[in-house]
Structures are given as C-alpha cells and as structure tokens.
Amino acid sequence: MPRKSQKAAQSHELDVSEFFAAIDLIEKEKGIPKGYMLEKITLALVSAYKKDHPDAGENVILDADPEKGTVRMYLRKDVVETVDDPSTEISLEDARAKLPQAMLGDVISIEIKTRDFGRIAAQTARQVIVQGMREAERGMIFDEFSSKEHEILSGLVTRIDPRNGGVSLRLTSGSEWTEAYLAPGEQVKGEVYLEGMRVKVYVVEVRRSTRGPQVLISRTHPGLVRRLFEMEIPEIYDGTVEIKSISREAGSRTKLAVWSADPNVDPIGACVGPKGARVNNVVEELKGEKMDIIKWSEDPGEYVAAALAPAEVISVTTLDDGKSCRVIVPDDQLSLAIGKEGQNARLAAKLTGFKIDIKPASAPDDEPEEEAGAEEDLIAEAE
C-alpha cells in the first residue's frame, strides 16, 4: 500500500487532496467558486453516509480542511447512563474511554473511520464535482443571459429544422454561450436562414429549466425595432429622444411614435438622419421593412392624425368612451388611410390605443368604411 494511503488510514482521515486540486482547477478555469463546490461535496458526503446509516439522523457532521486536503466525518452522540439507541447515544464509560472528561448529558463527536465511509466518499465526491460543475455553469449562464433580457444578441445559425424551418442558434454573451431556438412563429416571413450565418435576435425572456437556461428569442417582437433604433440613434440611446410607442407587422411595416422634451431637437429628424442614413440602417437590418416615424402628442386628435400617415387627415373627433375616435379624410386619401388590407389603419390603432373609425369627407355620416379595432389585447404599448 502506498505510504500516503497508509498514513491516511492510520489517522482515520480521508485523503481527498485530488478533489481539492480539482476544485481549485475548476475555480481557475470555469470561474466556479471553490466554496460553492466544497459546500456541495460536504452536503453530499453527509447525505451518502446517512443512506447507509439511516439511524444516524441529523447527528452526522463533516469537517473539510482545504489547507490539509482532508475531510473528517464525525457522529455526535449523547452521553447517557443507559444506552437505548446506539446510533445516537453512548454510555458514560465508553465516552470516557474516548474523552476522559466526559460527563452525563454531554454531546461528544466520535470520528467515523475512513474504512467506514471512504469508498462512499470517493464516489460521491466525484459525482458531486461533475454535478456541481453542471449546476454552477447553468447558474452562471442563466445570470449572464437573464441580464440580456429585452436586448439584442447576435447568434450563429447551427441548424435548420427541415420539417418546420425552426432555427437553432448559438448565442454568446461575455464568456458564456448557450443554444437558443428561433421558432417559425418568431421568424419574419420571407427571411431565409443558412447554417453559419449570423442573425440578430431579440431576447424576450430567459427561463430556468431542467436542461439549463432557456432563452426565448424573436425576430418579430417590436422590441427588436426599439433596440435597433437605440443602437443607431445616439439621441434615443441617451434619452434626448424617446420612443413612446411601437406597432409592428414584422417583415412588412412598423410605426413608431417618437418625442423629445428638448424643443430644439426634432425627434423625427434625429431618427431619419442625414439623407435617411440612420433609418436606412435599421431598414436594411430588417430586410426592407417599411418604417413610419411620427411625432407623439398628448393631444389624441394630433396623435391619431399623425399615426395615419402618409394619409392626410381633415379632422379627428374623440368619442364619449375615450377609447374611440372618428377620422374624416379627403375622398382621395381614403384608401391610403386604410392601407392595403387595412394595414395602415390597423397599425395606427395599435400605436395609439384608439379604435379608429375612418370616413370620407363626402359621406361623413355614413356607415364606417373601415374600423381598425384596438382592443386592449391588440394595443401596442412602449415597453
């Protein structure tokens, strides 16, 4: 038997220096705190011993010494006159054989010999190191990506599901990475993805799951447009210009309502940029999606009229319910106000939160030509 093992057996200590060395290496390479791993191993060793000795109850304690690279396990027993439960009690005579000053009523700690738990400890420590690494890594990944909720991340396409077109992406943030799934319903209609290409996605939510963090991503979420504008336009990033509301039909058209508290700043001009350079960068990222940028107003009439751009509006009347309005437009602007398949009116309703009843100037009292519903579940509000 090697000299090191003989020494460990004689002193009733379990030599787990190799495990402590592994923990040090894990902390150095993975960034997982040594204290976290040591706590996991300690709890697991105690639990493993209790499985083989269920009568021990809560009297098992473990003392780990990273400096010496050793672990000692003890069983706490009450010193009694008559022993009824040998697993938790010890007679005064036996107690004094181990600790001469022991008295009735004392609680003494009796070391459990290595041969009684050495095999269990070795196996358990290995298992816990592996499991602890997984848990800690998942925790670090969750913390990293949960801090990126409602942000844009760039992902590398690793696989495309031939059955439904779902896209698997490898997302990276800081030193961490994880796999995410861009579901067909979160993809922009008409966009084509190829393995190896990079795609910008919006992180909707990060959840914990049994397989590790689950990052929910989207290309259709209005938040993607918001973040793209923040990245392109310094005035939005620093708060000089504020995006009040967004309504979007991904891949086709988006409306933004912007505002600035600074009277010297034109919020629409800031978003468009010189010769449209700023907004064009966003449009290019969204593969040609049209952008209508309008000025937000506290006045419902002005706000709704602006939201129906590019159509001209003669008048806007807010109805008694406070959630609906009647809009009169020139006859030649009616189809433009409504938009193809009602899209312009629908997006305006989502943007403003109003149900919009559009009528031509030639027949302002006729039945509504178009009604764009903006019930509560359809209102697109700024997040």
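Here the structure is a predicted model, which is why all the values come from computation and not from measurement. (Residues numbered from 1 in each chain as written. Predicted model: local features only at pLDDT ≥ 70, side-chain atom pairs only at ≥ 80, totals over all residues. Heavy atoms only, no water.)

1. Details of unusual backbone geometry
Part 1: Cis geometry is found at the peptide bond from A309 to P310, where omega equals 15°.
Part 2: Among the secondary structure elements, P310 is positioned in the loop between α10 (300-307) and β14 (315-318).
Part 3: The backbone of K275 sits at a positive phi, close to 55°, despite the residue not being glycine.
Part 4: Residue position: K275 is located in the loop between α8 (267-272) and α9 (277-285).
Part 5: Phi angles above zero are rare outside glycine, and K287 is one such case at about 55°.
Part 6: The topology assignment puts K287 in the loop between α9 and β13 (290-295).
Part 7: Residue K287 is classed as exposed on the basis of its relative accessible area of 57%. (Helix = DSSP H or I, 4+ residues; strand = E, 2+ residues; numbered from the N terminus. Buried < 20%, exposed > 50% of the residue type's maximum accessible area, 1.4 Å probe, protein only.)

2. Thoughts on the packing of helix α6 (residues 222-232) against α9
Part 1: Contact pair α6 / α9: the axes reach a minimum separation of 10 Å and the direction vectors enclose 140°. The angle between the axes of α6 and α9 places the two elements in the oblique class. The way α6 lies across α9 gives a crossing that is right-handed. Between α6, through L228, F229 and E232, and α9, the contact on the second element is made entirely by R278, V279, N281, V282 and E285.
Part 2: For the contact of α6 with α9, a count of residues per class yields 4 nonpolar, 1 polar and 3 charged. (Axes fitted to C-alpha atoms, helices over the stretch in contact; angles between N-to-C directions. Parallel < 35°, antiparallel > 145°, perpendicular 65-115°, else oblique. Left-handed = near helix turned anticlockwise from the far one by under 90°. Contact = heavy atoms within 4.5 Å. Nonpolar A, V, L, I, M, F, W, Y, C, P; charged D, E, K, R; others polar.)

3. Overview of the packing of aromatic side chains
Part 1: In this structure the tally under the stated criterion is 2 aromatic pairs.
Part 2: Centre to centre, the rings of W259 and W296 are 6.0 Å apart; their planes meet at 80°, and the pair counts as edge-to-face. Placement of the pair is W259 in strand β12 (residues 253-260) and W296 in the loop between β13 and α10, with a sequence separation of 37 residues.
Part 3: Ring centres of W296 and Y303 lie 6.4 Å apart, and the angle between their planes is 70°; this geometry places the pair in the edge-to-face category. (Phe/Tyr/Trp six-rings, centres within 6.5 Å; stacked < 30°, edge-to-face > 60°.)

4. A closer look at α9
Part 1: For α9, the set of buried residues is V279, V282, V283 and E285. Along the long axis of α9, the arc covered by the buried residues comes to 165°, so they all point the same way. (Arc of directions from axis to C-beta.)

5. Things to note about the sheet that holds β13
Part 1: In spatial order, the strands read β11-β12-β13; together these 3 strands make up an open sheet with mixed pairing. At either margin of the open sheet sits one strand with a lone partner, and together these are β11 (241-249) and β13. For this sheet the average axis-to-axis angle between neighbouring strands, irrespective of direction, equals 20°.
Part 2: Across 8 bridges, the pairing between β11 and β12 is antiparallel. Within β12, the residue paired with E249 across the bridge is R253.
Part 3: Where α6 meets the sheet, it contacts β11, β12 and β13, and its direction lies at approximately 140° from that of β11.
Part 4: The strands that α10 touches are β11, β12 and β13; relative to β13, the one it contacts most, it runs at about 160°. (Pairing = 2+ DSSP bridges.)

6. Describing the pairing of β12
Part 1: In terms of residue burial, β12 counts as a mostly covered element, since 7 of its 8 residues are buried.
Part 2: As consecutive antiparallel partners, β11 and β12 are separated by 3 residues, and within that stretch G251 has a phi angle of approximately 85°, a positive value.
Part 3: Bridge analysis of β12 against β13 gives 6 bridges, and the strand direction is parallel. Note that in β13 the partner of K255 across the bridge is D292.

7. Quick word on the pattern of salt bridges
Part 1: The tally for this structure, following the rule as stated, stands at 13 salt bridges.
Part 2: For E249, the salt bridge is made with R346, and the minimal N-O distance between the two is 2.7 Å. A residue pair is termed long-range when its members are at least 10 positions apart, and E249 in strand β11 and R346 in helix α12 (residues 343-352) qualify at 97 residues.
Part 3: Since its relative accessible area comes to 28%, R346 is described here as partly exposed.
Part 4: Between D357 and R326 there is a salt bridge, and its shortest N-O distance comes to 3.9 Å. Here D357, found in strand β16 (residues 355-360), pairs with R326, found in strand β15 (residues 324-329); they are 31 residues apart in sequence, far enough to count as distant.
Part 5: Shared partners join several salt bridges into a network, and the residues in it are E151, R227 and E230. (Salt bridge = Lys/Arg side-chain N within 4 Å of Asp/Glu carboxyl O.)

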